[in-house]
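Fold and contact review
Each chain, letter by letter, is given below.
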Amino acid sequence: MTQTINVKDANDLLTTGQAILIDVREANEFAEQHIPYAISLPLSSLEKDFKQLALPENTVTLVQCLKGSRGAMACETLLKMGRTADTIMNIEGGISAWQAADLPLVGGETQKTLPIIRQVQIVVGLLIALCVILGFSTSTLGFALAGIFGGALFFAGVTGWCGMAKLLMKMPWNRGAA
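Residues numbered from 1 in each chain as written. Predicted model: local features only at pLDDT ≥ 70, side-chain atom pairs only at ≥ 80, totals over all residues. Heavy atoms only, no water.

**What to know about the overall build of the protein**
Each helix and strand counted, the protein has 8 helices and 7 strands in total. Dimensions of the protein along its principal axes, counting C-alpha atoms only, are 65 × 35 × 25 Å. Looking at the protein as a whole, 36% of its 178 residues qualify as buried. Of all intrachain contacts in the protein linking residues separated by at least 6 positions in sequence, the fraction that spans at least 24 positions is 67%. (Helix = DSSP H or I, 4+ residues; strand = E, 2+ residues; numbered from the N terminus. Buried < 20%, exposed > 50% of the residue type's maximum accessible area, 1.4 Å probe, protein only. Contact = heavy atoms within 4.5 Å.)

Okay, structure coming up:
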């Protein structure tokens, strides 16, 4: 079971240098806004990148994402890598709770584009809706395509790799975000 910590206690540990903070959101999310003490190690490459930090075993490691679910997955990954449960904690509510507590953040003054994950949700949601309409109106192929898009979302959620996000990051409106 992953330990959690509230934002106030996490801030106290970080400001006194008693812990390090790993932000497991994707690099573009980190670039938009992050907690001042955070090290960006996206969940999709956490296992490889965390090893390169070469931290002592007893280092208290706080993990954070947007709201907490990716942080919990990251904690489980770190536990599987041999870190001890008493040194790993997920920040409850992630950066959203940190912001709600009016704690300091870096960036976020101007957000020019929607976060990539929101863009993926909009595009794939629209494609699935259009495919279902196609399925009901003319061809059952629409239902098959909707199933493929749903399967791709499932794959992205399980693996942390999303081809649609990679494609959207190359779009002209996102070039400054990545």
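**Some words on the packing of helix H6 (residues 116-137) against helix H7 (residues 141-159)**
The interhelical angle for the contact between H6 and H7, taken along N-to-C directions, is 155°, at an axis separation of 7 Å. Viewed along their axes, H6 and H7 adopt a mutual orientation that is roughly antiparallel. As H6 packs across H7, the resulting crossing turns out to be left-handed. Facing H6, whose interface residues are Val120, Val124, Leu127, Ile128, Cys131, Val132, Leu134, Gly135 and Phe136, H7 presents Gly142, Phe143, Leu145, Ala146, Phe149, Gly150 and Leu153. Looking at the contact of H6 with H7 residue by residue, the class counts come to 13 nonpolar, 3 polar and no charged. (Axes fitted to C-alpha atoms, helices over the stretch in contact; angles between N-to-C directions. Parallel < 35°, antiparallel > 145°, perpendicular 65-115°, else oblique. Left-handed = near helix turned anticlockwise from the far one by under 90°. Nonpolar A, V, L, I, M, F, W, Y, C, P; charged D, E, K, R; others polar.)

**Digging into the nonpolar core**
Formed by 16 residues in total, the largest nonpolar core has its most connected members in Ile5, Leu21, Leu62, Ile91 and Trp98. Looking at this core, the elements that each hand over two or more residues are helix H1 (7-15), strand E6 (88-91) and helix H5 (94-100). A per-element tally of this core places H1 first, with 4 residues. Setting aside residues up to four positions removed in sequence, Ile5 forms contacts with Ala10, Leu13, Leu62, Met89, Asn90, Ile91 and Glu92. (Core = buried A, V, L, I, M, F, W, Y, C linked by side-chain atoms within 4.5 Å.)

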